[in-house]
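Per-entry structural report
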Amino acid sequence: MKALVVSQRLSDAGELVAVARRFGEPAILAFQESALKVEEVAAYGHRVYRVRSDRPEALYRAAASLYESLNPKVIVGPSVKNVKDAMALLAGSLDIPLITEVVELSDGGSVLTYKRGFMSERVTMTAEVPYPAIALLNPKIVKPAEKAGRGEVVDFDVGDLKVNVVGVRAKELSGVKLEEAEVVVGVGRGFKSREDLNLAFELAKILGAQVGGTRPIATDFKWLPEDAWIGISGKRIAPKLYIAVGVSGAPQHMSGVSGSKVIVAVNKDKSAPIFIQADYGVVADLYKFLPILTSKLREKLPRRA
Amino acid sequence: MGRDIAVLVKASLNPEVVRQGAEGAYDIDYTPLKISDVDRNALEEAARLKSILGGRVYSITVLTWGPSKARDKDLKLAVQEALAKVADEAYVVVDDSIIPGDPIVTSNVIVGVLKSRGLKPALILAGEASVDESTSQVPGRVAAKLGYSYVGYVRRILEVRENSVVVERDVEEYVETLEAPLPAVLSVTQEINEPRPPTLIQIRMASKKPLHVLSLAGIGLNVKPKRLIKEMRVVTVFRKQVVLEEANLEKAAEKLIEYLDKEGVLRI
Ligand SMILES: Cc1cc2nc3c(=O)[nH]c(=O)nc-3n(C[C@H](O)[C@H](O)[C@H](O)COP(=O)(O)OP(=O)(O)OC[C@H]3O[C@@H](n4cnc5c(N)ncnc54)[C@H](O)[C@@H]3O)c2cc1C
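Note that this is a predicted model, so its numbers are computed, not measured. (Residues numbered from 1 in each chain as written. Chains lettered and ligands numbered in written order. Predicted model: local features only at pLDDT ≥ 70, side-chain atom pairs only at ≥ 80, totals over all residues. Heavy atoms only, no water.)

**Observations regarding the domain arrangement of chain A**
Interface size is commonly expressed as the accessible surface area that is lost when the partners come together. Which entries qualify depends on this criterion: Residue ranges for the domains originate in an automatic or database domain assignment.
As far as domains go, chain A holds domain 1 (3-155) and domain 2 (178-300). For domain 1 of chain A and domain 2 of chain A, the distance between their C-alpha centres works out to 35 Å.

Here's what the structure looks like:
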């Protein structure tokens, strides 16, 4: 066995299989959504091992046991929290390399060569690690593999786990696809209350924009749903226009907006780091400036008023 | 099992300070180290839990980036913060043979410190990610090596019981409430608390607390990094950096609209 794929979702399976096939015939370990819809995962034509649990610990145990029996050279998976936690346990128990958020991966003979972001993605690092190794990939870095045939499905029992689930609560999500929006208004802690975000929503309406924000706006204040947080640990956006209001420009936020064509910053602090990362900056109090900007745009863009 | 808390504290490269050296290469020597932001949340949480558990708190730091001589001041500053904030003692491993480090080295060294000193913490706290590499794997590795239970991305520690800890864990679309048996390793997110900077008195007290600087030989360990860094390049995104600093905000708005219109990003 050359490669083991850990698939969490149907949407990751094709890309992971494509990368795994570079190393030889893979087997697939299906987890969470991929375990529920295992037939679709089996349609890639490789043997599928199914774990019927959504615990990282269960995934860890299944992967550890498959590692022993199949002896893969690489394990590939998606860079998501459950898989990261499971693979950190596996990598620790075996003392083998684990690389995450990988954007390029290739077989360098006796080593695995890869590229990933570093320093909040302001730097790219190319490095190599010896085999065997675990590589968790970023989405959309390769074309998904073609489906071919039907792999055998084998169930996997992992026994009792150490960590017990007491409860699960779904997050309130907006369902808005910020990553597909052409114009985005981003709000930061420069806003003093939830009601004040209306200033941003009004601007967004005129521009036909979606509203997103920095992590604390979504998580600490809960003024926006959690799928509206932009940055290294949230959404990556690539609009034509991104207008950041009351956002300081922390590297963890800015890495999520680096794909924007034009970045505008409104901040009252002239020395805020966002100004050197923006195309157009306005040094102003957002409470004074946004109403003016919105009304001027309303004159210019009457069809949206 | 003891009642102690160990906090993993990294002196990370500061991602706010990135400079391009020759031919687009990242000038790593120019970037200072600072305490990794989320580790402050781990320290704050340790301060809250210390009285509940009733044991000692120690911080463990492994120097990843060198050369060690040039990093000494930044490293001490990060460790002093841990001591000022909550730690009774700090363990720092500095050894040029493991620089630049990797997660295999870091986790082995952390475990080496604990084992060689006979330390058996009930809880090991760490940040969810370091601000330089952000691979979120050292806490899980340490848990696997020690046979501790592990929960990553903890947003809230709800209760510490006699033999377990009840926590909320953040996953992408949901939040789980989990009970993990002690001893446990937890990585915490920045939502878990609002870290307060240490007070002047705490800072003064910190200089009197024991700071153990150890070498690899000092903990009886022999490991080598497995990662070989081939290249580091600064990602350059050109931004125009036009700044409008107008007393008259009407004018500022008009100018901004004109610029955006020219860029063709307003659908007029
Ligand atoms: C591991 C890790 C992951 C992270 N992931 C993310 C992420 O994915 N996304 C993210 O956003 N953050 C992330 N962060 C947090 C990040 O480091 C910053 O803390 C956060 O982005 C800051 O948000 P902010 O700009 O809203 O707030 P602040 O940094 O507090 O900035 C507020 C700004 O508003 C300005 N302001 C105040 N009042 C006004 C006014 N009246 N008018 C105009 N301007 C005003 C201030 O001058 C200031 O610049 C992460 C951090 C870590 C450690």
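**Concerning empty space enclosed by the protein**
So the rule is basically this: A 1.4 Å probe that fits but cannot get out identifies a cavity on a 1 Å grid over protein atoms alone, an open set with protein on both sides within 12 Å along at least five of seven lines counts as a pocket, and a residue lines either if it has an atom within 4 Å of a point. Grid points are joined across faces, edges and corners, and a volume is the space filled by probe spheres set on the points. In this text, helices come from DSSP runs of H or I with a minimum length of four residues, and strands from runs of E with a minimum of two, each type numbered from the N-terminal end. Polar here means any residue other than Ala, Val, Leu, Ile, Met, Phe, Trp, Tyr, Cys and Pro, which are nonpolar, and Asp, Glu, Lys and Arg, which are charged; Gly is therefore polar.
Under the defined criterion, the tally for this structure stands at three cavities of 30 Å³ or more. Considering the residues around the largest cavity, the lining is formed by 24 residues, among which K10, T106, S130, V138 and P139 of chain B are closest to the centre. The set of elements that each furnish at least two residues to the lining of the largest cavity consists of β4 (57-62), α3 (103-116), β6 (123-127) and α4 (138-146) of chain B. Across the lining of the largest cavity, the residue classes break down as ten nonpolar, nine polar and five charged. For the second largest cavity, the calculated volume is near 130 Å³. Taken together, 16 residues form the lining of the second largest cavity, with L98, I99 and Y114 of chain A together with P103 and R227 of chain B sitting closest to its centre. Sorting the residues of the lining of the second largest cavity by element identifies β5 (98-107) and β6 (111-118) of chain A together with α3 of chain B as the ones contributing at least two each. Sort the elements by how many residues they give to the lining of the second largest cavity and β5 of chain A lands first, with three residues. Among the residues forming the lining of the second largest cavity, the class breakdown is seven nonpolar, three polar and six charged.

**A few points about the sheet that holds strand β9 (residues 174-181) of chain B**
For clarity, the threshold we go by: What makes two strands pair is DSSP finding at least two bridges between them. Convention adopted: a line fitted to C-alpha atoms gives each axis, helices being fitted over their contacting stretch, and angles between N-to-C directions are expressed from 0 to 180 degrees.
Here ten strands make up an open sheet; going across it, the order is β10(A)-β9(B)-β8(B)-β7(B)-β10(B)-β6(B)-β1(B)-β4(B)-β5(B)-β11(B) and the pairing mixed. The open sheet is flanked by β10 (164-170) of chain A together with β11 (211-214) of chain B, the only strands paired with a single partner. Pairs of neighbouring strands in the sheet enclose a mean axial angle of 30 degrees, with direction left out of account. Summarising the sheet, strand β7 (residues 149-160) of chain B and strand β8 (residues 164-170) of chain B pair through five bridges and their orientation is antiparallel.

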